[in-house]
Amino acid sequence: MARTMLTRCPNCGGRLEATRLECRDCETVILARYEPCALGNLSPESLRFVELFVRRRGNLKEMERELGESYWTLRTRLSEVIQEMGFDEAEGAPTPEEVAARRREVLDQLEAGEIGAKEAATLLSSLASERDRS
């Protein structure tokens, strides 16, 4: 089982940085200071979310079916991961086109009887607030 690199000090919680890299083949050693990439800052739970997100090619609808969680729960979780990685929250905001597409999906689900009128109203209301924030 491979170990993952620690990014926080187990003693004080401070940020750790790599200072030594070594080649397993030729034993070349490089001494320098290296910051972990944005993925290295994620909690194990968030990293699992990102791995599933990538495996599902960013398709939240597939993740919805697999995890049994609503689109908006997954969307919120994705926003949290974006913040955890240190990216600007506005960069993760849906575009107007994405909001319109999701609105069409909600209406299609309502028409197909997959969701009720109350749930559709709640989803459409949250879409309106998403649109207003972007």
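If you're wondering where the values come from, they're calculated on a predicted model, not measured in any experiment.

Colleague: Looking at this structure, how should I read the nonpolar core?
Modeller: Across soluble globular proteins, nonpolar side chains have a tendency to be buried as a group. Phe49, Met63, Val81 and Val106 are the most contacted members of the largest nonpolar core, which totals 20 residues. Put simply, the parts of the chain that give this core at least two residues each are helix H1 (44-55), helix H2 (60-67), helix H3 (71-84), helix H4 (96-111) and helix H5 (117-133). Considering every element that reaches this core, the biggest residue donor is H3, with six residues. Apart from residues no more than four positions distant in its own chain, Phe49 is found in contact with Met63, Leu74, Arg77, Leu78 and Val81.

Colleague: Whenever I open this one, the state of the cysteines confuses me. Can you help?
Modeller: Structurally, a disulfide amounts to a covalent bond that connects the sulfur atoms of two cysteines. Tallying each qualifying case throughout the model produces zero disulfides. The thiol of Cys9 is not disulfide-bonded; the next cysteine sulfur, from Cys12, is found 3.8 Å away. The thiol of Cys26 is unpaired, and the distance to the nearest cysteine sulfur, on Cys23, comes to 3.7 Å. By relative accessible area, Cys26 is classed as exposed at 52%.

Colleague: I keep staring at the pattern of salt bridges and nothing clicks. Help me out?
Modeller: One pass over the full model with this rule turns up seven salt bridges. Ionic pairing is found between Glu17 and Arg33, a salt bridge with its closest N-O pair at 2.3 Å. Highlighted residues: Glu17 in the segment before strand E1 (18-22) and Arg33 in strand E2 (residues 29-34), separated in sequence by 16 residues. With a relative accessible area of 67%, Arg33 lands in the exposed category. Between Arg102 and Glu105 there is a salt bridge, and its shortest N-O distance comes to 2.9 Å.

Analysis parameters
The residue count restarts for each chain, going from 1 along the sequence in the order it is written. The model is predicted, so local features are restricted to residues of pLDDT at least 70 and side-chain atom pairs to those at 80 or more, both for listing and for counting; the totals for chains, interfaces and linings are taken over all residues. With hydrogens and water stripped out, all remaining heavy atoms of the structure feed into the side-chain values. Side-chain atoms within 4.5 Å are what join buried Ala, Val, Leu, Ile, Met, Phe, Trp, Tyr and Cys residues into a set we call a nonpolar core. Residue exposure (1.4 Å probe, protein chains only): buried if accessible area is under 20% of the type maximum, exposed if over 50%, otherwise partly exposed. Where helices and strands are cited, they refer to DSSP runs of H or I of at least four residues and of E of at least two residues respectively, numbered from the N terminus. Residue contacts are counted whenever heavy atoms from the two residues lie within 4.5 Å of one another. In this description, a disulfide is simply a cysteine sulfur pair whose atoms lie within 2.5 Å. A pair is scored as a salt bridge if a Lys or Arg side-chain nitrogen falls within 4 Å of a carboxyl oxygen belonging to Asp or Glu.

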